[in-house]
Amino acid sequence: MSRIGKLPIDLPQGVQVSVAGQTITIKGTKGSLDIALIDGITAVVEGSKVTINRANDEKHVRAMHGTTRALVKNAVDGVTKGYSKSLEIVGVGYRAVLQGKKLALNVGFANTIEVEIPAGVTVKVPDQNHVNVEGLDKGLVGQVAATIRAARKPEPYKGKGVRYVGEVVRKKAGKSAAGAGAKK
């Protein structure tokens, strides 16, 4: 039995979970999320707890037991508290501008990079060097933040680029100008 999968999920006050066939619907104060279950995995709601069970010991079903439990737990946390990721843009002339449902990034290339913002995610730009990504779905928030970061990853020599707030960029030493063994 999966150590993670067999743990029950406690439902906080104000969260409703309903199971219809192979779909779990989780409703909370911030919104609603649906999670699809694979064949062989079932969910049982007992009072203020949700338990994820598996029908057999096939390899794929065993592998998805703990994963499904983690997805349901993340959805419960998402509809109560929500998720957010913060990014910062470092570099002279580097900036972000919100244009409707697109985020325009000027990060040192000749063209502006536009990142499409999917439904269910809110992107805020408090100033031109900071971007906040918020939403209910943990995976979607992380994917949008990773897509923005991938526009220009931090480089190791000067540290310019898009990074998560608090991310430590290990800097490398550049070339030495005139080393000790240089010929004249």
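Before any of the text, the structure's been laid out above.
Attention in this report is confined to the structure presented alongside it. Quick caveat: nothing in here was measured; it's all calculated off a predicted structure.

## Notes on the sheet that holds strand β10 (residues 113–116)
Strands sit in the order β8-β9-β10 across an open sheet of three strands; the sheet is antiparallel. At either margin of the open sheet sits one strand with a lone partner, and together these are β8 (95–99) and β10. Neighbour-to-neighbour, the strand axes of the sheet open up by a mean angle of 25 degrees, direction not taken into account. As paired elements, β8 and strand β9 (residues 102–106) share five bridges and run antiparallel to each other.

## Digging into the nonpolar core
Residues Ile89, Leu103, Leu105, Val131, Val133 and Ile148 are the most contacted members of the largest nonpolar core, which totals 20 residues. The set of elements that each furnish at least two residues to this core consists of β7 (83–90), β9, β11 (121–127), β12 (130–135) and α2 (138–150). The contacts of Ile148, once residues within four sequence positions are left out, are Leu87, Leu103, Leu105, Val115, Val131, Val133 and Val162. One finds Val15, Val17, Leu33 and Val76 within the second-largest nonpolar core, a separate group that totals 19 residues.

The rules behind each value
Residues numbered from 1 in each chain as written. Predicted model: local features only at pLDDT ≥ 70, side-chain atom pairs only at ≥ 80, totals over all residues. Heavy atoms only, no water. Pairing = 2+ DSSP bridges. Helix = DSSP H or I, 4+ residues; strand = E, 2+ residues; numbered from the N terminus. Axes fitted to C-alpha atoms, helices over the stretch in contact; angles between N-to-C directions. Core = buried A, V, L, I, M, F, W, Y, C linked by side-chain atoms within 4.5 Å. Buried < 20%, exposed > 50% of the residue type's maximum accessible area, 1.4 Å probe, protein only. Contact = heavy atoms within 4.5 Å.

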